[in-house]
Amino acid sequence: MRLFFALWPPLGAAEALCAWARRVHRKTGGSVVRARNIHLTLAFLGEVDEARVPDLKRLPIWGERHALPIERAGYWARNRILWVGPEATPAPAVTLAERLRDLLAAWKFRTERQPFAAHVTLLRKAREPEELPPLPELDWPVQEFVLVRSRLSAEGSRYDVLERFSLA
Ligand code: NAP
């Protein structure tokens, strides 16, 4: 199973981000991430043996509730991704991502060695934008994180939440 841990926005916030991405798409092309697929990855696991999923569902992990401000947009030429994210990643999100990574390593799961780069991908295979419309005002309260299975389907990526973890 291809798995990752993520923060998922409320639908209203996701729809606002998707509408913004559609405006950008008129100039940059590429594929817009559908509203229901918009998320921020905390830790990417890649392929995991199904027999180990119960371990992931009961990871002893905790964290603090916080807000995730979406304040800036960026473009990565290396993978042609247009993303949005906070100006500075909130400390509780950094701590959560680090705790997850340490725990996953301790439990012998394969994790990314690259530092956590909090970003929300909105467009893939896009050309570099010359200018961007102002970002929408939105609220993204972070009260939980989720373990997600990622699959390719005829309509593109399909994500299924396998487990929810509440934050205190
Ligand atoms: P995904 O590759 O399963 O990725 C799910 C999430 O994990 C995304 O947020 C992605 O970040 C992040 N991620 C993926 N690889 C990572 C890595 N090495 N290190 C850190 N984070 C990583 O599903 P997807 O994002 O929908 O698909 C992205 C591309 O991979 C698409 O072009 C798709 O065709 C291809 N792909 C998908 C699957 C699948 O089963 N979904 C399988 C093979 C290939 P970003 O949003 O920054 O990419």
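Going by the structure above, here's the rest.
Computed from a predicted model, the values in this text were never measured in an experiment.

A. Seen up close, the layout of surface pockets. The space that makes up the largest pocket amounts to roughly 1100 Å³. Around the largest pocket sit 33 residues that line it, and T41, I81, H119, T121 and R124 are the ones nearest its centre. Contributing elements (two or more residues each) for the lining of the largest pocket: strand 1 (2–7), strand 2 (31–32), strand 3 (40–47), strand 7 (120–124) and strand 10 (156–166). The greatest single-element share of the lining of the largest pocket, amounting to 5 residues, is contributed by strand 3. For the lining of the largest pocket, a count of residues per class yields 14 nonpolar, 11 polar and 8 charged.

B. Expanded view of the site of the ligand. Contacts to the ligand come from 15 residues, most closely from R2, T41, H119, S157 and Y159. Take R2: an N or O atom from its side chain is 2.5 Å from an oxygen atom of the ligand. Burial of the ligand by the protein amounts to 67% of the accessible area it has alone, namely 800 Å². Only strand 1, strand 3, strand 7, strand 9 (144–153) and strand 10 provide two or more residues apiece to the shell around the ligand. Broken down by element, the shell around the ligand gets its largest block of residues, 3 residues, from strand 9. For the shell around the ligand, a count of residues per class yields 5 nonpolar, 6 polar and 4 charged.

Each value, and the rule that gives it
- Residues numbered from 1 in each chain as written.
- Predicted model: local features only at pLDDT ≥ 70, side-chain atom pairs only at ≥ 80, totals over all residues.
- Heavy atoms only, no water.
- 1 Å grid on protein atoms, 1.4 Å probe; cavity = no way out; pocket = protein on both sides within 12 Å on 5 of 7 lines; lining within 4 Å.
- Points joined across faces, edges and corners; volume = space filled by probe spheres on them.
- Helix = DSSP H or I, 4+ residues; strand = E, 2+ residues; numbered from the N terminus.
- Nonpolar A, V, L, I, M, F, W, Y, C, P; charged D, E, K, R; others polar.
- Near = heavy atom within 4 Å.
- Polar contact = N/O pair within 3.5 Å; in protein donor to acceptor, adjacent residues only side chain to side chain.
- Areas by Shrake-Rupley, 256 points an atom, 1.4 Å probe, with all protein chains shown as cover.

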